[in-house]
Amino acid sequence: MSDWEKYVKKLTPYVPGEQPRKKDVIKLNTNENPYPPAPGVQRILEDLDAGSLKKYPDPTVHDLRCALASYHGISEDRVFVGVGSDDVLAMSFITFFGDAKKSVAFADVTYSFYDVWCRLFGIEYERIPVREDFSIDLNAFDGDRGGIVIANPNAPSGIALSPGEIAGLISAHPECVVIVDEAYVDFGGESMLPYIDEFENLLVVRTFSKSRALAGSRIGYAMGSKKIISYLLAARDSFNSYTMDTITQRIGIASVEDDEYFKKRVSDIVKTREVYGKKLKDMGFSFPKSAANFLFATHEKMDAAGIYEELLNRGIYVRYFKTPGIDNRLRITIGTDDEMERLCIALKDILGI
Ligand code: PMP
């Protein structure tokens, strides 16, 4: 086998949750938002002019960056935008960890794309064991690091760390960039954003895919010091300057501009999480306290793999990871009340209660 092929064969790609082609299913497996995006997004789509596509998009994504900057009360040169937070995170890994002489550290139970990017970019990494209850032990990140990545709230556990705890970690690691992946922060976590003035080595990463119901549009962004953002921009422009298309840039702005709708939908999801979390507990499930739009549940009697299969037979998709250590858990995305009700009916049937 040739050298190039040996290299390619070593890659172990991330496996996203299934996107079933069938229409009549309940999809609670990829932490999408069950509600539509802000009405302003619909209006953008209705008013589309195909002629606007003959030109390249704005490579600086100026207007969307300004909208985000003003939303968060920071200047626009502290915002970086990418095609989903996967794009932002991948770009950050290569920019800040690409030449790391020490290992990059992240929890062993966290977003499974982190190790995939490390392997792709040849970055040495260390997976720090979480505690038995899946909480992250920040003391275990001690020692010189090439970088640190924390998902907060973490996935798939849903557990949130406090900003004070993470600030302690960053103070202890001035030698490297600390990425805080806040994909789920709007559902109950506390952001590290107030700390970006204090720590030049902190990068806060967000997505429009979950709380803003725009997984299909692919919008992610990062906020940090001017310095850290300027390096990200330089790396992006060494790779692909036109990452975000014209329509998506406008859609992003429409979403940011409708804060009332955003807050209402997030609060609907949080309410549903609390109501149906209680119902699941009554059925014998347990899970860590979730600050995200999903529950990481295990059942006292029936194994997760069996429940997963039975739900699938009934057209209900939840996420099941065969990974040792979490292979008796289901990650259940919070849907609408109606979807969660139908999930509960199916579960009662499966569990015989
Ligand atoms: N971070 C975490 C923790 C996630 O769960 C996800 C969703 N798979 C992402 C980042 C990426 O989300 P997106 O690329 O859709 O912004």
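Residues numbered from 1 in each chain as written. Predicted model: local features only at pLDDT ≥ 70, side-chain atom pairs only at ≥ 80, totals over all residues. Heavy atoms only, no water.

Looking at the assigned domains, one finds that the protein chain contains domain 1 (4–37 + 260–351) and domain 2 (54–258). Between the C-alpha centres of domain 1 and domain 2 there is a distance of 24 Å. Counting from both sides, the interface comprises 32 residues of domain 1 and, opposite them, 31 residues of domain 2. Buried surface at the junction of domain 1 and domain 2, both sides included, amounts to about 2,500 Å², of which 64% is carbon and sulfur. When the area that domain 1 buries against domain 2 is broken down by residue, the three leading residues are Y14, F262 and A291, summing to 27%. At the surface where domain 1 touches domain 2, the tally comes to 0 salt bridges. Inspection of the region where domain 1 meets domain 2 yields 12 residue pairs in polar contact (both at pLDDT 80 or more). Put simply, the parts of the chain that give the side of domain 1 that touches domain 2 at least two residues each are α9 (259–282) and β10 (294–299). (Domains from an automatic or database assignment. Contact = heavy atoms within 4.5 Å. Buried area = accessible area lost by both parts, 1.4 Å probe. Salt bridge = Lys/Arg side-chain N within 4 Å of Asp/Glu carboxyl O. Polar contact = N/O pair within 3.5 Å; in protein donor to acceptor, adjacent residues only side chain to side chain. Helix = DSSP H or I, 4+ residues; strand = E, 2+ residues; numbered from the N terminus.)

Further remarks concern the site of the ligand. Neighbouring residues of the ligand: G84, S85, D86, L89, Y111, D181, A183, Y184, T207, S209, K210 and R218. In the environment of the ligand, a nitrogen atom lies 3.2 Å from a nitrogen or oxygen atom belonging to the side chain of Y111. If the ligand stood free it would expose 400 Å²; the protein chains cover 91% of that surface. Sorting elements by how many residues they give to the shell around the ligand places helix α4 (residues 84–97) first, with 4 residues. (Near = heavy atom within 4 Å. Areas by Shrake-Rupley, 256 points an atom, 1.4 Å probe, with all protein chains shown as cover.)

This next bit is on the packing of α4 against helix α5 (residues 113–121). Where α4 meets α5, the closest approach of the two axes is 10 Å, and the angle between their N-to-C directions is 45 degrees. Between α4 and α5, the crossing angle belongs to the class labelled oblique. The hand of the α4/α5 crossing is right-handed. Together, D86, L89, A90, F93 and I94 of α4 and F113, Y114, W117, C118 and F121 of α5 make up the contact between the two elements. (Axes fitted to C-alpha atoms, helices over the stretch in contact; angles between N-to-C directions. Parallel < 35°, antiparallel > 145°, perpendicular 65-115°, else oblique. Left-handed = near helix turned anticlockwise from the far one by under 90°.)

Read across the sheet, 5 strands follow the order β1-β11-β12-β10-β9 without closing on themselves; strand pairing throughout is mixed. Each edge of the open sheet is held by one strand with a lone partner, namely β1 (26–28) and β9 (285–286). Judged from the 4 bridges that link them, β10 and strand β12 (residues 330–333) form a sheet pairing that is antiparallel. Across the sheet, residue F294 finds its bridge partner in β12, namely T333. Helix-sheet contacts for α9 involve β9, β10 and β12, and the interaxial angle to β10 is about 5 degrees. The sheet contacts of helix α11 (residues 337–351) involve β1, β9, β10, β11 (316–320) and β12, and relative to β1 the element is tilted by about 90 degrees. (Pairing = 2+ DSSP bridges.)

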